[in-house]
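Structure assessment
Letter by letter, the chains look like this.
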Amino acid sequence: MIEVISLNKNYGKLKVLQDISFTVEKGEKIAIIGPSGSGKSTLLRCLNLMEEASSGSIIFEGINLTEQKAGLDLHRQKMGMVFQQFNLFNNKTVLENIMMAPLHIRLTKLRKARRQNLLIKAGNLFRKNKKRLIEFDTTAGTIRAEVQDQALNLLQKIGLEDKRDVYPSTLSGGQQQRVAIIRALAMNPKVILFDEPTSSLDPEMVGEVLDLIRSLAEAGMTMLIVTHEMGFAKEVASRVLFMDEGRITEDSSPEQLFSNPQNARTREFLSKVKAM
């Protein structure tokens, strides 16, 4: 599904990612762990094309994203991302936050089709062989109703349907992050990238977010999650990548990596985590 080949990311002379290579199969749950500053978040941002790689390739469903100069919105529909800081719009209600991206994309497609039909009709006035119009059987009102129904269904699944008309600033951190997660799900992505989704939460709120991510994993969602929650990574991940100084130094099953790490730096890191 995803193949990363010799990926490098530099900021001037600073090498943040160095020769990163790995694959992601459909349905895999990959936890990415390692010390702060090891390049974990930068790796996710490169996969989502929020950062431009300095060199190397990211191949997603057979398309080399590092060679694509267009279609970023389409890519981000397929590869959603959940951030540390929620990134919700506080001037819009919870429901509006969830609806915003899918509604914009679908209405844009409808408007584009209508404009093309106008051009075709105009051109057909001067053509012997008339071009066929683009067929679409929906309206802006229908699209809005469908997107709203989907958003309400997602809110119901996380038990926050009663918060549909409130603003994100009135929610707890755990509630905001759960809304951010279902906002990503509203795009029907094939992969979700989680960048330390619990790092900004109070300890008592971590569990409700991890429970939602766990349910997505059980449902078969392909995901990569940067996390400091070692117990969660051990429980949920099908693979664990350990990063240090911009490199993947270990890539193995949770059982292998947590019980018998092969790399000295991994052993040192895990010993410090357990001691905390």
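Below is a summary of the structure that appears in this document. (Residues numbered from 1 in each chain as written. Predicted model: local features only at pLDDT ≥ 70, side-chain atom pairs only at ≥ 80, totals over all residues. Heavy atoms only, no water.)

**Observations regarding the sheet that holds strand β2 (residues 14–24)**
- Taken together, four strands build an open sheet; the order of strands is β2-β1-β4-β5 and the sheet is antiparallel. If you trace the sheet from one side to the other, it starts and ends with β2 and β5 (63–64), each paired once.
- Direction of pairing for strand β1 (residues 2–11) relative to β2: antiparallel, over a ladder of seven bridges. If you follow V4 over to β2, its bridge partner there is F22.
- The strands touched by helix α1 (residues 40–47) within the sheet are β1, β2 and β4 (55–60), with β2 carrying the most contacts at an inclination of about 60°. (Pairing = 2+ DSSP bridges. Helix = DSSP H or I, 4+ residues; strand = E, 2+ residues; numbered from the N terminus. Contact = heavy atoms within 4.5 Å. Axes fitted to C-alpha atoms, helices over the stretch in contact; angles between N-to-C directions.)

**Considering the packing of helix α3 (residues 94–124) against helix α5 (residues 173–185)**
- Between α3 and α5, the least distance of the axes is 8 Å, while the angle of their chain directions is 25°. In terms of their interaxial angle, α3 and α5 are classed as roughly parallel. In this structure, α3 crosses over α5, and the sense of that crossing is right-handed. Taking contact as the criterion, the partners of V94, N97 and I98 in α3 are, on α5, V179, I182 and R183.
- Taken together, the residues of the contact of α3 with α5 sort by class into four nonpolar, one polar and one charged. (Parallel < 35°, antiparallel > 145°, perpendicular 65-115°, else oblique. Left-handed = near helix turned anticlockwise from the far one by under 90°. Nonpolar A, V, L, I, M, F, W, Y, C, P; charged D, E, K, R; others polar.)

**Concerning the packing of α5 against helix α6 (residues 203–218)**
- Between α5 and α6, the least distance of the axes is 8 Å, while the angle of their chain directions is 20°. By the angle between their directions, the pair α5 and α6 is classed as roughly parallel. In terms of crossing hand, the pair formed by α5 and α6 is right-handed. Contacts between α5 and α6 involve G173, G174, Q175, Q177, R178, I181 and L185 on the former and, on the latter, M205, E208, V209, L212, I213 and L216.
- Class assignment of the residues belonging to the contact of α5 with α6 gives a composition of seven nonpolar, four polar and two charged.

**Describing the nonpolar core**
- Residues I33, I181 and F194 are the most contacted members of the largest nonpolar core, which totals 52 residues.
- Broken down by element, the residue count for this core peaks at eight residues, all from α6.
- Among residues more than four places away in sequence, those in contact with I181 are V82, F194, V209, L212, I213 and L216.
- If you look at the next biggest cluster of nonpolar residues, it comprises 27 residues, including L7, L17, I32 and L44. (Core = buried A, V, L, I, M, F, W, Y, C linked by side-chain atoms within 4.5 Å. Buried < 20%, exposed > 50% of the residue type's maximum accessible area, 1.4 Å probe, protein only.)

**Focus on the packing of aromatic side chains**
- Applying the stated rule across the entire model yields one aromatic pair.
- With a centroid separation of 5.3 Å and 55° between ring planes, the pair formed by F242 and F269 is classed as tilted. Linking F242 in strand β9 (residues 239–244) with F269 in helix α9 (residues 264–275), this pair joins segments that are 27 residues apart in sequence. We note that F242, like F269, is buried. (Phe/Tyr/Trp six-rings, centres within 6.5 Å; stacked < 30°, edge-to-face > 60°.)

**Quick look at α5**
- An ideal rise of 1.5 Å per residue puts 18 Å on 13 residues; α5 measures up with 19 Å between its terminal C-alpha atoms.
- A large share of α5 lies buried, amounting to 13 of its 13 residues. (Expected span 1.5 Å × (residues − 1).)

The values are spatial; any link to function lies outside them.
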